[in-house]
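Here are the chains, one letter per residue:
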Amino acid sequence: MNQQIQQRDGYSQLALDLLGKAKRGGATEADIIIADGETFSVQVRLGAVDRLTKAREKRLGLRVFVGKRSASTSTSDFSAESLDQLVAETCTLARAVVEDPVSGLPAADQMAGERPDLDLYDSTRLNTEQQIELAKRVEAAAMSTDERVTNSEGGDFDSSSGRVVLGNSHGFLGEYQSSSFSMSVSPIATDPVTGAMQRDSWYDVRRKFAKLDSPEMVGLEAARRTVRKLGARKVSTQRVPVVFDPETAGSLMGNLCSAVSGYALYKGASFLAGQLDKPLAPDYVTVYDDGRVVGGLGSRPFDGEGLPTRKTTVVERGRLKSYLLDTYSGRKLGLASTGNASRSVGENPSVGPTNFYLAPGTKTAQDIIKTVKQGLYVTDLIGFGINMVTGDYSRGASGFWIEGGELAYPVEEITIAGNLKDMFAGIEMIGSDLVLRGRIASPTVKITEMMVAGN
Amino acid sequence: MGDLVQLKSFGLTEGEVLGALGRVKVRDVDYADLYFESCVSESVSMEESLVKRATKSVSQGVGVRATAGEKTGFAYSDELTKKDLELAADTARYIANSPGGTHAVPVPVHQRPSRDLYPVDRARAEVATAERVALLNAIDAEARRSDPRIKNVMASFNTEYKVVMVATSDGTLIGDVQPLSRLQVTCIAEENGQRQAGSFGGGGRVGFEFYYEGDRYLRFAREAAREAILNLSAVEAPAGVMPVVLGGGWPGILLHEAIGHGLEADFNRKKTSAFSNLLGKRVASDVCTIVDDGTLPGRRGSLNMDDEGTTTGRTMLIERGILRGYITDKLNARLMGIPLTGNGRRESYQSVVLPRMTNTFMLAGTSDPEEIIRSVDRGLYAVSFGGGQVDITNGKFVFSASEAYLIEGGKITRPVKGATLIGSGPEILTKVSMVGHDLKLDEGIGTCGKEGQSVPVGVGLPTIRIDEITVGGTQR
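Rules of the game
- Residues numbered from 1 in each chain as written.
- Chains lettered and ligands numbered in written order.
- Predicted model: local features only at pLDDT ≥ 70, side-chain atom pairs only at ≥ 80, totals over all residues.
- Heavy atoms only, no water.
- Helix = DSSP H or I, 4+ residues; strand = E, 2+ residues; numbered from the N terminus.
- Rg over C-alpha atoms; globule rule 2.2 N^0.38 Å.
- Buried < 20%, exposed > 50% of the residue type's maximum accessible area, 1.4 Å probe, protein only.
- Contact = heavy atoms within 4.5 Å.
- Areas by Shrake-Rupley, 256 points an atom, 1.4 Å probe, with all protein chains shown as cover.
- Lys, Arg positive; Asp, Glu negative; His and termini not counted.
- Charge placed at Lys NZ, Arg CZ, Asp CG, Glu CD.
- Phe/Tyr/Trp six-rings, centres within 6.5 Å; stacked < 30°, edge-to-face > 60°.
- Pairing = 2+ DSSP bridges.
- Axes fitted to C-alpha atoms, helices over the stretch in contact; angles between N-to-C directions.

Colleague: What is the right way to look at the overall build of chain B in this model?
Modeller: Counting its secondary structure elements, chain B contains 10 helices and 25 strands. Against the compact-globule benchmark of 23 Å for 476 residues, chain B has a radius of gyration of 24 Å, which places it among compact chains. Residues counted as buried form 64% of the 476 residues belonging to chain B. In chain B, the proportion of contacts linking residues at least 24 apart, taken out of those at least 6 apart, comes to 75%. For chain B, the exposed surface amounts to about 16200 Å²; the carbon and sulfur share of it is 49%. Distance between charge centroids for chain B: 2 Å, based on 55 positive and 60 negative side chains.

Spelled out as structure tokens, the structure:
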């Protein structure tokens with residue numbers, strides 16, 4: 001522990017030293033991010049260890065401004081001579097690009113003051129045998145419940161922990177630690193008659209080990225999701241109501257999140273450009289981005305520029321209330337940052353969600369399916385058929401055909417198509433089943449009508 | 001001996017490398033290797049007519065791997081000291097139940113790849129940032145000049161310069177230098193309040209001069225602008241089953257998604273691929289012959305050697321419709337008892353080796369491309385795609401057209417937007433009835449994702465006719 005504290009202080013000191021060097025090298029402003037961490041992952045397949053991976057890594061990213069010009073660099077080599085060279089190269093690189101009138105750090109008085117403890121870190125350390133055992137249990141649970149589960153792509157258990165130190169030439173210096181534990185399994189089921197195979201998977205991921213679902217629960221759910229796909233067929237081309245399960249509805253929230261990103265907006269590359277304060281969806285649709293969810297996978301005390309994170313209402317009772325912005329994209333749009341700067345070491349900040357979700361309604365998924373006489377229940381989407389500029393949407397889908405309010409049979413090799421604007425406007429019902437199992441989440445969603453293409 | 005230049009660039013001696021290898025290659029380990037990598041990536045990008053972003057990233061590290069039976073132990077480190085190498089070796093060999101200690105490994109034969117498919121003079125620092133800035137400025141001007149409806153141009157130029165060295169327990173110490181670059185242009189066009197985007201790009205394991213050959217960079221700019229303008233007048237895509245003609249080049253992503261992934265040996269060893277147990281069987285019509293070829297000079301998917309030090313080659317995957325081979329790395333070739341094809345690839349020292357494609361394409365046929373179009377009464381002609389994805393197990397794939405047209409009465413008529421094609425990998429090639437004589441490789445933009453690892457790949461295709469495939473549009 002002592003050594004850890006020492007090293008942590010070491011990184012803060014390193015950040016301060018480099019900021020000083022950048023200033024002496026001609027930078028008018030600078031910020032620095034240092035991230036380090038360790039990961040351990042285990043994959044078992046058919047009950048035996050398939051792959052063990054263990055690593056520690058560290059990286060440092062430097063961004064400098066020379067007046068209104070800027071450049072970013074990164075390295076994993078923390079030796080003094082290498083870092084001196086990095087500072088010099090970054091300043092040279094910045095001088096080679098043109099001035100950008102809105103570039104620069106956030107204003108000094110905007111920097112995060114209070115740094116709440118969001119409970120993102122768990123000091124639990126599992127040894128190799130414990131992790132192997134958990135991965136074996138999740139796979140065994142998936143393989144043992146139904147004899148049609150015949151094979152597996154493996155059960156996984158991963159753990160990681162790390163910390164981020166961020167400092168800038170305004171004197172901001174912040175740090176936080178985080179951890180994550182995750183488990184998943186991908187069983188394969190075989191149709192006893194046709195021999196056709198289907199695969200699906202299930203997972204859980206948490207910041208705290210103790211909060212994870214049991215391997216048995218995860219395995220059972222994976223098996224259930226896989227076996228139910230057996231015997232899938234195509235349906236004919238038609239317009240029908242479409243119900244998205246929470247996983248696929250989450251991907252629609254992901255699409256919304258991309259469309260409200262400041263970068264897409266100021267470039268004119270989003271179908272939501274110019275739509276602020278205009279109606280987007282019915283009045284029972286409210287969407288939040290909340291960076292302060294305790295223990296949340298997307299939570300952090302400050303963003304990638306050191307601004308405080310917060311809870312932003314993106315869509316309020318159907319109206320588009322806020323974009324997601326960092327300092328740069330905000331300035332381009334004449335708006336203030338929403339504390340959504342996302343920073344991978346060595347890159348310029350971009351905009352990313354924290355915990356982005358559709359507020360739940362009151363109906364169960366079953367209640368929603370019951371309202372559909374003839375339609376589609378989507379459980380998987382593949383492909384990249386989304387044009388963010390126009391909102392045109394066309395993706396490969398599989399799931400279940402709904403007949404008379406019941407799931408009748410599995411379907412596959414179909415596409416669903418429409419336009420995201422119409423799809424959001426067409427949200428007819430929202431389920432109560434929201435679980436924040438990731439940075440972007442949604443409950444079940446019913447959309448009034450979409451084109452399903454099949455036979 | 002000791003003349004492998006990479007040893008020096010990683011600051012290591014042969015003794016240190018052999019020591020670590022001996023530590024990981026314990027009794028029950030079948031195979032072990034150390035993969036040293038140093039990579040410098042640089043990027044400049046432009047938007048709103050301003051080249052305002054420049055980034056540079058340096059990384060270096062070693063991945064240590066041991067395999068025993070089907071098991072793989074893997075560790076990596078961004079430090080290359082003797083102590084870090086030993087720690088990684090001890091972690092990697094954990095999967096073998098053998099006592100630790102120092103074991104003898106064969107003294108490696110120092111090798112250099114037998115050829116250089118990508119000799120590049122001006123890959124790195126020799127090209128000053130100012131020259132890259134000038135390239136992007138010229139692209140902006142060209143795209144805007146080509147049509148006043150172009151309202152924004154985004155362009156980026158990325159280069160990567162990777163030095164790798166592989167030491168293996170089967171007695172190889174070999175190194176390679178792998179340059180890679182890519183120029184990407186996206187244009188936004190606007191007319192009557194409607195906006196559309198168009199993209200074009202290309203590159204390869206090439207030097208800076210590549211982009212100036214025949215004014216290639218200006219062509220990229222015009223193509224991106226043309227696609228954006230074209231899509232302004234595009235109509236909604238049809239929905240349903242219909243014949244589809246794929247244009248040459250990048251539409252070869254179809255082969256990559258629908259067929260290629262299903263032929264990677266790991267999925268077939270685990271019997272999780274829709275192509276498992278089909279070797280020697282018919283999986284395509286007899287006009288289809290498909291190869292994976294890592295030896296094409298300068299191509300994005302090409303490699304002198306793969307990331308296990310195996311010389312790359314040309315692998316026959318499907319010959320006149322019959323499945324002939326799988327794409328292999330050392331682990332899967334050994335476990336399956338099939339030929340090693342030199343397709344063991346990894347994103348970086350931080351990732352494990354997987355069997356991956358290099359450049360995958362269909363060989364030219366005999367049909368005239370125009371005759372192929374004329375043969376379709378009502379269908380779709382797709383000439384460019386945004387991307388695709390496949391479910392290996394049930395074989396279903398999807399890909400999205402970024403430039404496509406309706407074919408009506410044997411003629412190309414209106415452009416359509418938002419068309420997605422969905423089909424089944426094992427079936428789709430049985431429905432190919434005509435293959436053009438116009439094989440074209442893509443411009444060098446492909447990046448393939450598998451298990452979270454991205455690697456550069458190439459694809460290629462002549463014009464082909466698929467008799468029926470489901471098109472996912474919005475119109476009946």
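Still more to cover.
Colleague: Where do I start with the packing of aromatic side chains in this structure?
Modeller: Residue and element names in this part refer to chain B. Taken as a whole and assessed by the stated rule, the structure comprises 23 aromatic pairs over all chains. Taking 5.9 Å as the distance between ring centres and 40° as the angle between the ring planes, the aromatic pair formed by Phe 74 and Tyr 76 counts as tilted. Each member of the pair, Phe 74 as well as Tyr 76, carries the same accessibility label: buried. Plain terms: the ring middles of Tyr 212 and Tyr 217 are 4.7 Å apart, the flat faces sit at 50° to each other, and that makes the pair tilted. Assessed through its relative accessible area of 10%, Tyr 217 is described here as buried.

Colleague: Got a minute to help me understand the sheet that holds strand S10 (residues 290-293) of chain B in this structure?
Modeller: Residues and elements named next belong to chain B. Ordered in space as S12-S11-S10-S15-S24-S21, the six strands form an open sheet in which the pairing is mixed. Only two strands of the sheet have a single neighbouring strand rather than two, namely strand S12 (322-323) and strand S21 (440-441). Both strand S11 (residues 314-319) and S12 contribute to a ladder of two bridges, which runs antiparallel. Opposite Glu 319, over in S12, you have Ile 322 as the bridge partner. Set on the sheet, helix H6 (residues 253-260) makes contact with S10, S11, strand S15 (359-362) and strand S24 (458-461); between it and S24 the angle comes to about 105°.

Colleague: So what exactly am I meant to see when it comes to the pairing of strand S8 (residues 238-244) of chain A here?
Modeller: Within a regular beta strand, the side chains point alternately toward one face of the sheet and then the other, so they alternate between its two faces. All names here are of chain A. Among the seven residues that make up S8, five are buried, leaving the element largely enclosed by the rest of the structure. Strand direction decides the pairing type here: S8 and strand S20 (residues 445-453), joined by six bridges, are antiparallel. Residue Val 240 lies in a different strand from S20, and its bridge partner there is Met 450. Both S8 and strand S15 (residues 374-382) contribute to a ladder of three bridges, which runs parallel. The residue bridging Val 242 from the neighbouring strand is Leu 376, located in S15.

Colleague: Hey, could you run me through the sheet that holds strand S9 (residues 287-290) of chain A in this one?
Modeller: Hydrogen bonding along the main chain pairs the strands of a sheet, whether they run parallel or antiparallel. Residue and element names in this part refer to chain A. The five strands lie next to each other as S11-S10-S9-S14-S19, forming an open sheet whose pairing is mixed. Unpaired on one side and paired on the other, strand S11 (319-320) and strand S19 (440-441) mark the two borders of the sheet. Here four bridges tie S9 to strand S10 (residues 311-316), and the two strands are oriented antiparallel to one another. By the bridge assignment for S10, Asp 289 is matched with Thr 312.

Colleague: Help me understand the pairing of strand S2 (residues 48-66) of chain A in this model?
Modeller: Burial runs high along S2(A): 14 of the 19 residues are buried. In textbook terms, the turn of a hairpin is the stretch between consecutive antiparallel strands, and for strand S1 (residues 29-45) of chain A and S2(A) this stretch comprises two residues, one of which, A:Leu46, has a positive phi near 50°. In this structure, S2(A) lies alongside strand S3 (residues 71-77) of chain B, joined through five bridges in parallel fashion. Looking at the pairing, A:Thr53 lines up with B:Phe74 of S3(B). Pairing of S2(A) with strand S3 (residues 69-75) of chain A involves seven bridges; the strand directions are antiparallel. By the bridge assignment for S3(A), A:Phe65 is matched with A:Ser70.

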